[in-house]
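Next come the chains, spelled out residue by residue.
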Amino acid sequence: MSMNEKRKVWLAVGAALVGSSTLQADELKVTAHEHHSMSIIAPFEGGGEGEGEGSGAVDLRINDSAYLAQLGLIRGHLYVGKKLYDQGHLAMAKTHMKHPEDELYTALVPAFQARNVAGFEAELTALANAVNDEQGDAAVNNAYDGLVAAITAAEQIPQKSVKSVLMSLSTMLLTAAAEYDIGVKQGTVVNVHEFQDAYGFTQMAKARINELTATQRAGNTAAIEEVNEILAKLPDLWPTITPTGEVEGDSGPLYGAAARIELATLN
């Protein structure tokens, strides 16, 4: 299925959700392979694997929504890693700390250059070292705060169109849904790392809409209010980020929210 065909199916799901509350969650799910194809987050054809892969990939150097989505995924990894660290789950936290050579960051380097913005290689390294070398809370907190500031500077949200920002939220939630599918099978957590990633991506999607400026909001009130409502109605699929055994959750609401946000944006 082509990227455009998948997009049409995805939008149809959102339309169905708007009109019906009885749509089965299984109807919303895509395979992990489809997820990677739908993650429009590679700098050019022939990108890396995983979250950075994309057949029919877009160019991060010129596509703002994909660029912001990629940065949002990095934020999500780091957010959940920091949360795990703060809760004392050091081994888990280490698995979420991104290095500059990680494919998610590597895919962004040409985009940084084309957009004339500084990357955050040094800040990524500082946080990874602080956590992996167990340098202590003060070092980790300082490194995390510095990295978040550097990512914010690279995003340049106030300079982006509201459409690009909202579309990035849709992509992040779609990725979160697919990660949740990988992490949870028939109510049982089978891959806690992907379960945690889905949490991080969702939290960062919720947070990003608050970064829109008053000027951006003034001309797009209806769409922003609709997206805020969609985000607010998302159920809590993560009673804990360190689960064992069964969880009561399903990726369907994430797929539906992603589709409805795109519909709101296009409308």
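Rules behind the numbers
- Residues numbered from 1 in each chain as written.
- Predicted model: local features only at pLDDT ≥ 70, side-chain atom pairs only at ≥ 80, totals over all residues.
- Heavy atoms only, no water.
- Helix = DSSP H or I, 4+ residues; strand = E, 2+ residues; numbered from the N terminus.
- Buried < 20%, exposed > 50% of the residue type's maximum accessible area, 1.4 Å probe, protein only.
- Contact = heavy atoms within 4.5 Å.
- Areas by Shrake-Rupley, 256 points an atom, 1.4 Å probe, with all protein chains shown as cover.
- Polar contact = N/O pair within 3.5 Å; in protein donor to acceptor, adjacent residues only side chain to side chain.
- Expected span 1.5 Å × (residues − 1).
- Arc of directions from axis to C-beta.
- Phe/Tyr/Trp six-rings, centres within 6.5 Å; stacked < 30°, edge-to-face > 60°.
- Lys NZ or Arg CZ within 6 Å of the ring centre and 35° of its normal.

Caption draft 1: Representation of the overall build of the protein chain. Regarding its fold elements, the protein chain presents 13 helices and two strands. The buried share of the protein chain, reckoned over its 267 residues, is 49%. Counting only contacts in the protein chain whose residues sit at least 6 apart along the sequence, the fraction spanning at least 24 positions is 72%. Put simply, the protein chain shows about 11,700 Å² of open surface, and 50% of that area lies on carbon and sulfur atoms.

Caption draft 2: Main features of the side chain of glutamate 155. Summarising the element assignment, glutamate 155 is placed in helix 8 (residues 137–155). Residue glutamate 155 is classed as buried on the basis of its relative accessible area, which comes to 0%. Within the structure, the side chain of glutamate 155 is placed 2.7 Å from the side chain of arginine 208, a separation counted as a polar contact. Dropping the residues within four chain positions of it, glutamate 155 is found in contact with Tyr67, Leu68, Leu71, Arg75, Lys160, Arg208 and Glu211.

Caption draft 3: Spatial organisation of helix 8. Taking 1.5 Å per residue as the helical rise, helix 8 with its 19 residues ought to reach 27 Å, and the 27 Å between its terminal C-alpha atoms agrees with that figure. All of the buried residues along helix 8 are Val140, Ala143, Tyr144, Leu147, Ala150, Ile151, Ala154 and Glu155. Across the axial projection of helix 8, the buried residues extend over an arc of 135°, all falling on one side. Among the exposed residues of helix 8, those oriented more than 90 degrees off its buried face are Ala138, Asn142, Asp145 and Ala153. In the core, the buried residues of helix 8 are packed alongside helix 3 (64–86), helix 6 (109–115), helix 7 (121–132) and helix 10 (192–208). Phi for glutamine 156, located one or two positions after helix 8, is positive at around 55°.

Caption draft 4: How the structure looks around the packing of aromatic side chains. Per the counting criterion, the structure on display carries nine aromatic pairs. Here the aromatic rings of tyrosine 67 and phenylalanine 112 are separated by 6.3 Å at their centres, their planes lie at 85°, and the arrangement is edge-to-face. Taken together, the residues tyrosine 67 in helix 3 and phenylalanine 112 in helix 6 connect sequence positions 45 residues apart. A single burial state applies to tyrosine 67 and to phenylalanine 112, both of which are buried. Feature note: the residues Tyr79, Tyr180, Phe195, Tyr199 and Trp238 constitute an aromatic cluster, connected by ring pairs. One residue, lysine 82, lies across the ring of tyrosine 144, its end atom 5.5 Å from the ring centre. Taking NZ or CZ as reference, arginine 115 lies 4.0 Å from the ring centre of tyrosine 67, over its face.

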